[in-house]
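Results of the structural survey
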Amino acid sequence: MTIKLLMGNEAFAWAALEAGVNVVAGYPGTPSSELVETVARLHAEGTARGVHVEWSTNEKAALEVAAAASYCGARALFTCKQVGLNVASDALMSLNYVGTGGGLVLFVADDPGPISSQTEQDTRRFAAFAKVPVLDPSTPEESYAMMRQAFELSERYGTPVIVRPTTRICHASTFFELPEFTDARPIPEQGFQKDPKWIIFPKRAFEGHGEVNRRLARIAWDYAFTPEFAQFNHVVEEPGSQQLAAGGDANATWAEAAAQSGHGHGGTAMPRGKVAASGESDVLAAADSNEGAAARVGIVAGGVSAQYAREALALLQQWAAEAGAALPPYRFLAVGTPYPFPAETGARFAEGLTDVLVLEELDSVLEEELLKLAGQRHLPLRVSGKLTGEAPDRGENSTEVLAQRIARFFDRTAAADTAPSEGGRATATEASAMAGGTEDQGASCAAKDGAGNAPAPSGLSALTERNLAASASAPYEGPLPVRPPVLCAGCPHRGSFFAIKKALGKTPAVFCGDIGCYTLGNAKPLDAVDTCLCMGAGITMAQGFAVAQPGIKAVAFVGDSTFFASGMTGIANAAYNGHDITIAVLDNATTAMTGSQPHPGTGVTLMGQRRKPLVIEEVLRALGVECITFANPHNLEESTEAARQAIGFSGPSAIIFRAPCIQLKRPEAPVAINGDACTGCKKCIRDIGCPAIGFNPAAEGLRSQHRGQAFVDTGLCDGCGLCVQVCPFDSIQGKVAEPLGAALHAALGVPIAPTAIPSDGPTGSFPPVIFEGETPAEAEEDIDD
Ligand code: SF4
Ligand code: SF4
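Residues numbered from 1 in each chain as written. Chains lettered and ligands numbered in written order. Predicted model: local features only at pLDDT ≥ 70, side-chain atom pairs only at ≥ 80, totals over all residues. Heavy atoms only, no water.

1. Side note on the site of ligand 1
Within the structure, ligand 1 sits among 13 residues, and Cys678, Cys681, Lys682, Cys684 and Cys727 are positioned closest to it. Residues that form the shell around ligand 1 fall into these classes: eight nonpolar, three polar and two charged. (Near = heavy atom within 4 Å. Nonpolar A, V, L, I, M, F, W, Y, C, P; charged D, E, K, R; others polar.)

2. So, the packing of helix H12 (residues 304-322) against helix H17 (residues 459-471)
Relative to each other, H12 and H17 sit at 100°, their axes nearing to 10 Å. What the angle tells us is that H12 and H17 run roughly perpendicular. Taken together, the residues of H17 that come into contact with H12 (itself represented by Leu316, Trp319, Ala320 and Glu322) are Leu463, Thr464, Asn467 and Leu468. Tallied by class, the residues present in the contact of H12 with H17 amount to five nonpolar, two polar and one charged. (Axes fitted to C-alpha atoms, helices over the stretch in contact; angles between N-to-C directions. Helix = DSSP H or I, 4+ residues; strand = E, 2+ residues; numbered from the N terminus. Parallel < 35°, antiparallel > 145°, perpendicular 65-115°, else oblique. Contact = heavy atoms within 4.5 Å.)

3. Topic: the packing of aromatic side chains
Counted by the stated rule, this structure contains 12 aromatic pairs. Centroid distance Tyr144 to Phe176: 5.0 Å. Interplanar angle 25°. Geometry classified as stacked. Remark: Phe176 occurs in strand S9 (residues 173-178) and Tyr144 occurs in helix H6 (residues 140-157); sequence separation between them is 32 residues. Taking the relative accessible area as the measure of exposure, Tyr144 reaches 1% and is therefore buried. Through successive ring pairs, a cluster of aromatic residues spans Tyr71, Phe192 and Trp198. Over the ring of Phe181 we find Arg49, and its NZ or CZ is 4.2 Å from the ring centre. The positively charged end of Lys682 is found above the aromatic ring belonging to Phe695, 4.5 Å away from the centroid. (Phe/Tyr/Trp six-rings, centres within 6.5 Å; stacked < 30°, edge-to-face > 60°. Buried < 20%, exposed > 50% of the residue type's maximum accessible area, 1.4 Å probe, protein only. Lys NZ or Arg CZ within 6 Å of the ring centre and 35° of its normal.)

4. Re the side chain of Arg124
In this fold, Arg124 is placed in helix H5 (residues 123-130). A distance of 3.0 Å separates the side chain of Arg124 from the backbone oxygen of Asp363, its partner in a polar contact. Among all residues touching Arg124, those that are not within four sequence positions of it are Asp136, Arg164, Pro338, Glu360, Glu361, Asp363, Val365 and Leu366. (Polar contact = N/O pair within 3.5 Å; in protein donor to acceptor, adjacent residues only side chain to side chain.)

5. With respect to the pattern of salt bridges
Following the criterion strictly, the structure yields 36 salt bridges and no others. With its nearest N and O atoms 3.4 Å apart, the salt bridge here joins Glu10 to Arg41. With Glu10 in helix H1 (residues 8-18) and Arg41 in helix H2 (residues 34-45), this pair connects stretches of sequence that are 31 residues apart. Residue classification places Glu10 among the buried positions, given a relative accessible area of 19%. Put simply, Arg412 and Asp355 hold a salt bridge, and the shortest N to O gap is 3.4 Å. Taken together, the residues Arg412 in helix H15 (residues 399-415) and Asp355 in strand S15 (residues 355-359) connect sequence positions 57 residues apart. Summarising the burial analysis for this pair, Arg412 and Asp355 share the class buried. (Salt bridge = Lys/Arg side-chain N within 4 Å of Asp/Glu carboxyl O.)

6. Section: the site of ligand 2
The immediate surroundings of ligand 2 are formed by 13 residues, with Cys690, Cys717, Cys720, Gly721 and Cys723 found nearest. Of the residues in the shell around ligand 2, the class split is nine nonpolar, three polar and one charged.

7. Looking at the sheet that holds strand S17 (residues 509-512)
A sheet is described by the order of its strands in space; here five strands give the open sequence S17-S18-S19-S21-S20, paired in parallel fashion. Two strands close off the open sheet at either side, each with one partner strand: S17 and strand S20 (627-631). In this sheet, neighbouring strand axes are inclined to one another by 20° on average, regardless of whether the strands run parallel or antiparallel. Taken together, the six bridges between strand S18 (residues 553-559) and strand S19 (residues 581-587) define a ladder with parallel strand orientation. Residue pairing across strands places Val558 opposite Val585, the latter belonging to S19. Contacts from helix H18 (residues 492-504) reach S17, S18, S19 and strand S21 (653-658) within the one sheet, and its direction differs from that of S18 by about 170°. Contacting S18 and S19, helix H20 (residues 560-577) crosses the sheet at an angle of about 145° to S18. (Pairing = 2+ DSSP bridges.)

See the structure below:
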């Protein structure tokens, strides 16, 4: 065993490998990608033995690979980010009815914020929609334990199980004790057993739905009482100082259950000697001095918010103590198994409480469960959170934000409580008032005065505000560096966008973008992305524009990885329906945005094999695209001509702009600006917007006089030479990239001119469909050329 510092996603990978996972398949997407990369690295090093790992072409493909492996009795792991689950959802919905064999875990990373996603969708919500159990870790340590238990849960019930971390869990790091090697679990000798249950006919679906409903009820019970799963739901009483072991007696009252559990952290299973959550320890330690008080209010938190809440409560306790006060008695529930909700744990938590604040990221999943619980069991419980405006309705939480929200909650609930302070000890609210806080306890945090202004913080809220302000670092007063999201200096996509616009000239056009680095083509001055919806949508949306507004040229942009992931169906649709669109394939030989992962066009796999790469132009031709042109996007003349030819074609056409991502190659020598020649016209800046070109208004030259001059940041310049071709005064000196087309066209035999399309077309065509009363010859004649 060795101790190593691991990122959360690396820990997930190790946990899966230690659980004996046989097959790992995913599609890259931040914040999930490092898991598959870690498995691949450990496999390549010889540490992870017997595992198969792959980047599949998209999430649906990955889940289906994993599902079949599970049918054989293998343990399988699928990975994606939250929006990737949308792509895999068709498979998931049916798979859940059919069931699994070996443990099948779906690692789906959510992105609150969002930091690098097109939506803030909540996978807990998706899990409930799909009726798939979900685990929601609050720390990297808990992630480790959850991943292992997820395989157990999957095999116990024959269900896929989702593990849903959020960005901060995926990317936080801590120490783990790790084995020297891991071995995949032997696949059962009998392998796949043929059985009608694997075939989802309607009758099987009806049966399967019943199985799903029954197992969810049993899993909810396990989440509440079976120690290996209930360990992820922690209840802490403060004061009263006792933690309810979630696996206690189902019939015990809250007090009885608390008494059963004792003071230990029985519910916090940390892998191999990890430190328990510090906030929780603090709460318990302080609670010992308040033995006997009964909590009337409670806090529920899920996922990483549970850890933020623990830290926030520890801070509030510290600040209250410094002010000579104590926090009110409260109960805390951390939920690590949000679906199916462990209702029995929730009921025991809620016993005797009148007010509960729910803290979670993204949707109001736990809040709604608490409301449902209160309704079903007729509990006199007021539930607050996102739905009442007392918790942020979107985005990430933080310790500071939750400290503010909890302080307001304590103030509001204290205001409703007219009981005198316990034991003569001042409450935090009273202490704050003594220390200068405003005594305005009746105001709810959500309430506003007649003018719509939020009330001034008071009581514990004021104490919290003051402490947060005091601990905040001094605001920076100077100018901040400007870092707009732009394509890198030397990025080949810049030339592609510019050439398309140049070729179009004044032709009205709509630019349908897609998901990838090239979404940044929307930034000025390129301004070449008018729509962006989801993976592969640019190609199909362009067809909608072509149909609805035929007078406007519809151009779709798609990257090489997205082409294989989600583009091909749309291209087939364009060819089949004869839609007049131009598809610009921005082929930079990698999945650049998520960290340069390989894809089917790169010819390498995660298992280290060299494969025959799928050739984009061959796929385009096979899908029925008859006009395909090529260009090196760094060569403006060739790019513009290739764009003109494709745009001028009537029907679906494609331009392949081919040059590697700057991350995959050595930079060329930077270009230089001739100060004697530069006129200060700024065309190089206004046309292409390369971040390596700046403008010095103080620079003077023979031709620029007092207008200023452009300059090149040689530390950024990649030497692509695009600006050299843009400057109308030949003021930028540097190498211009060679054209790609001629050599490529000769090698591939692919025509550059639409007029040179071979007449034989694709092979393997089927005979035409014969309508009633037609002869085969008539059907042949009726084919629309
Ligand atoms: S380098 Fe060329 S394009 Fe740029 S400002 Fe000078 S003259 Fe104009
Ligand atoms: S050559 Fe010009 S366009 Fe290319 S990276 Fe350098 S400054 Fe930017």
